[in-house]
Amino acid sequence: MAIEDLELNVGGTQIKGVWIAIVLSFASTIGGGIWTASEFFSRLEALEGAVSDATAETAVVQGRFDDLRAGQSETLQAYQVTIANMQQQLDDNNVGELQGKLAELSTNLSQIMELQRDLLPLRDRVAAVEKSNSETVLTVNAKIEALGNIDDRMTRLQRDINDAWTAMDELANPLGR
């Protein structure tokens, strides 16, 4: 049995095999287009969620970095005040009291060295946070750029869908009635 011999009776109208093949091919094309659009929109939503998560993470990291920076600034100011006080004490001391003051100075310098050892790991942590923040900003920028490319694809997809509908209208009414 050939496709030319195939007939379908729908509501009293007989449709020949060639028309059945044409209608099925257009129906499968439209179904594929709808599935593709659905898949595209689900991926777009996933990307939007990823950008939103990355933006929130960036804000959290920025807040932590600002807190760390403020804490370090306060600590540094306290050290600067301590050093300024020590300098003033050295200037105010006379030569006769130098031995006692040298012992006090040695104690103060030991304290400063201990505090400086505490600061060195903090400096490394600040650098790590800055690096992490930079990486997060780069990731967010890449996601935003990817979303810009999606807009172009959406325009092209909408144009294809409109063309498919126009073609279906033409097929439904080939004589322009």
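## Things to note about the overall build of the protein
Helix and strand content of the protein: two helices and two strands. Written out in order from the N terminus, the α and β elements of the protein read β-β-α-α. For 177 residues, the compact-globule formula gives about 16 Å, and the C-alpha radius of gyration of the protein, at 38 Å, lies well above that figure. Oriented by its inertia axes, the alpha-carbon framework of the protein measures out at about 125 × 35 × 20 Å. For the protein, the exposed surface amounts to about 13,500 Å²; the carbon and sulfur share of it is 58%. Averaged over its 14 positive side-chain charges, the protein has a centre that lies 3 Å from the centre of its 27 negative ones.

## Some points on the nonpolar core
Counting residues in each nonpolar core, the largest one holds five residues, listed as Ala37, Phe40, Leu44, Ile150 and Leu157. Where this core is concerned, the elements lending two or more residues are helix 1 (17-92) and helix 2 (98-172). Tallying contributions element by element places helix 1 first for this core, with three residues.

## Let's talk about the side chain of Asn133
If you trace the backbone, Asn133 turns up in helix 2. Overall, Asn133 belongs to the buried group, its relative accessible area being 13%. For Asn133, the residues in contact, after removing those within four places along its chain, are Thr58, Val61 and Gln62.

## Regarding the packing of aromatic side chains
According to the stated counting rule, one finds one aromatic pair in the structure shown. Ring geometry for Phe40 against Phe41: centres 5.8 Å apart, planes inclined by 65°, an arrangement best described as edge-to-face. For Phe41, a relative accessible area of 39% gives the class partly exposed.

## Remarks on the pairing of strand 2 (residues 13-16)
Relative to strand 2, strand 1 (residues 7-10) is paired through four bridges, and the arrangement is antiparallel. By the bridge assignment for strand 2, Val10 is matched with Thr13.

## Some thoughts on the environment of Thr136
Looking at the element boundaries, Thr136 is found in helix 2. Its relative accessible area of 9% is what places Thr136 among the buried residues. Thr136 sits 39 residues away from Leu175 along the chain, and the two C-alpha atoms are 59 Å apart. Other than its neighbours up to four places away in sequence, Thr136 contacts Ala54, Glu57 and Thr58. From its side chain, Thr136 meets the backbone oxygen of Ser132 in a polar contact 2.9 Å long.

## Describing the pattern of salt bridges
Considering all chains together, one arrives at two salt bridges under this definition. The partner of Glu39 in a salt bridge is Arg43, and the shortest N-O contact between them spans 3.3 Å. Here Glu39 pairs with Arg43, and both are found in helix 1, just four residues apart, close to one helical turn. Taking the relative accessible area as the measure of exposure, Glu39 reaches 30% and is therefore partly exposed. Owing to a relative accessible area of 57%, Arg43 belongs among the exposed residues under this scheme.

## Brief notes about a nonpolar patch on the surface
Where nonpolar side chains cluster on the molecular surface, the patch consists of Leu8, Val10, Ile15 and Trp19 and spans about 360 Å² of accessible area. Residue Ile15 is classed as partly exposed on the basis of its relative accessible area of 30%.

## Let's talk about the confidence of the model for the protein
Averaged over all residues, the pLDDT of the protein is 85; the fraction at 70 or higher stands at 95%. Helix 1 holds the highest mean pLDDT among the elements of the protein, 89, whereas strand 1 holds the lowest, 78.

Definitions and limits used
- Residues numbered from 1 in each chain as written.
- Predicted model: local features only at pLDDT ≥ 70, side-chain atom pairs only at ≥ 80, totals over all residues.
- Heavy atoms only, no water.
- Helix = DSSP H or I, 4+ residues; strand = E, 2+ residues; numbered from the N terminus.
- Rg over C-alpha atoms; globule rule 2.2 N^0.38 Å.
- Areas by Shrake-Rupley, 256 points an atom, 1.4 Å probe, with all protein chains shown as cover.
- Lys, Arg positive; Asp, Glu negative; His and termini not counted.
- Charge placed at Lys NZ, Arg CZ, Asp CG, Glu CD.
- Core = buried A, V, L, I, M, F, W, Y, C linked by side-chain atoms within 4.5 Å.
- Buried < 20%, exposed > 50% of the residue type's maximum accessible area, 1.4 Å probe, protein only.
- Contact = heavy atoms within 4.5 Å.
- Phe/Tyr/Trp six-rings, centres within 6.5 Å; stacked < 30°, edge-to-face > 60°.
- Pairing = 2+ DSSP bridges.
- Polar contact = N/O pair within 3.5 Å; in protein donor to acceptor, adjacent residues only side chain to side chain.
- Salt bridge = Lys/Arg side-chain N within 4 Å of Asp/Glu carboxyl O.
- Patch = residues over 30% accessible without salt bridge, like charges linked within 9 Å, V, L, I, M, F, W, Y side chains within 5 Å.
- pLDDT = per-residue confidence, 0-100.

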